[in-house]
Amino acid sequence: MRWDALFEDLEAQLAAERHQGLELEAEEESELQLRRMSLAERLRAHRGESVRLQLSGVGAVHLVIGAVGDDWLFGLAGAQSCLVTLKAVVSVEGLGARSCTETDGSHSALGLRRVLTGLVRDRTEVSVHTAGGEAARGLLASVGADHIDVLQGEPELRRTSRRTVPLDAVLLLRSEAAAFIER
């Protein structure tokens, strides 16, 4: 009888060691995945959730995450739509450790210039923020290779000025929520 108890005890120890080994492997795999994960992948996994972004030169922005590209993210901040360049993000509060790699590439394949071109086509009124503050407010008129043009003033009255902002300087575009969403 003592032999049976000995074998049962040894089998239990072996099972415990295997279980511990599997837990350790899972933990190591999780850490490896986290090291390989981009900020965009983490943001994608939190679509529909509220986060607090600290943006360089802009300050804190609380928003609900919408679409996320490789170099930008879209979200709602109250009644405003926000298009944030990821280079502007200093920190994010409210993200868990999970990530999401899009299999269809629907948003991640869209670069910032392409998104901005869509906003030009939809004649979106925006305020453009850079590290120096609000750089322009008006109708997003065109997107160049490395800049955007914003028509400021009242286009209907032909009282406008064109303000050109280098894309590298753009940190955040804001608009009324309906402008980005309904079109």
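Further up the page is the structure itself.
Described in the following lines is the structure provided in the data block. Since the model is a prediction, treat every value here as computed from it, not as a measurement.

Conventions and cut-offs
- Residues numbered from 1 in each chain as written.
- Predicted model: local features only at pLDDT ≥ 70, side-chain atom pairs only at ≥ 80, totals over all residues.
- Heavy atoms only, no water.
- Helix = DSSP H or I, 4+ residues; strand = E, 2+ residues; numbered from the N terminus.
- Contact = heavy atoms within 4.5 Å.
- Core = buried A, V, L, I, M, F, W, Y, C linked by side-chain atoms within 4.5 Å.
- Buried < 20%, exposed > 50% of the residue type's maximum accessible area, 1.4 Å probe, protein only.
- Pairing = 2+ DSSP bridges.
- Patch = residues over 30% accessible without salt bridge, like charges linked within 9 Å, V, L, I, M, F, W, Y side chains within 5 Å.
- Areas by Shrake-Rupley, 256 points an atom, 1.4 Å probe, with all protein chains shown as cover.
- Salt bridge = Lys/Arg side-chain N within 4 Å of Asp/Glu carboxyl O.
- Lys, Arg positive; Asp, Glu negative; His and termini not counted.
- Charge placed at Lys NZ, Arg CZ, Asp CG, Glu CD.

Mapping Asp149 onto the fold places it in strand β8 (residues 147–154). Not counting the four nearest positions on each side in its chain, Asp149 is found in contact with Leu139, Leu140, Ala141, Ser142, Arg162, Arg163 and Thr164.

On to the nonpolar core, then. Judged by nonpolar contacts, the single largest core of 20 residues is most densely connected at Leu83, Leu116, Val128, Leu140, Ile148 and Leu173. Of all the secondary structure elements, the ones that give two or more residues to this core are β3 (72–77), α3 (112–121), β6 (125–130), β7 (133–143) and β8. For this core, the element with the most residues is α3, which contributes five residues. Judged by nonpolar contacts, the second largest core, of 19 residues, contains Ala40, Val51, Leu53 and Leu172.

Our focus in this paragraph is unusual backbone geometry. Most of the time, phi is negative for any residue but glycine, and the peptide bond is trans. The backbone phi angle of Arg123 is positive, close to 55°, even though this residue is not glycine. Mapped onto the elements of the fold, Arg123 is located in the loop between α3 and β6.

The next subject is the environment of Gly132. Take Gly132: it is sitting in the loop between β6 and β7. Given a relative accessible area of 77%, Gly132 falls into the exposed group. Spatially, the C-alpha atom of Gly132 lies 9.0 Å from that of Ala169, the residues being 37 residues apart in sequence.

Below, the discussion takes up the pairing of β3. In terms of burial, β3 is largely enclosed, as five of its six residues are buried. Hairpin connection of strand β2 (residues 59–68) to β3: three residues between the antiparallel strands.

The next point concerns a negative patch on the surface. A surface patch of like charges, here negative, comprises Asp4, Glu8, Asp9 and Glu11. Of note, Asp4 is situated in helix α1 (residues 2–36).

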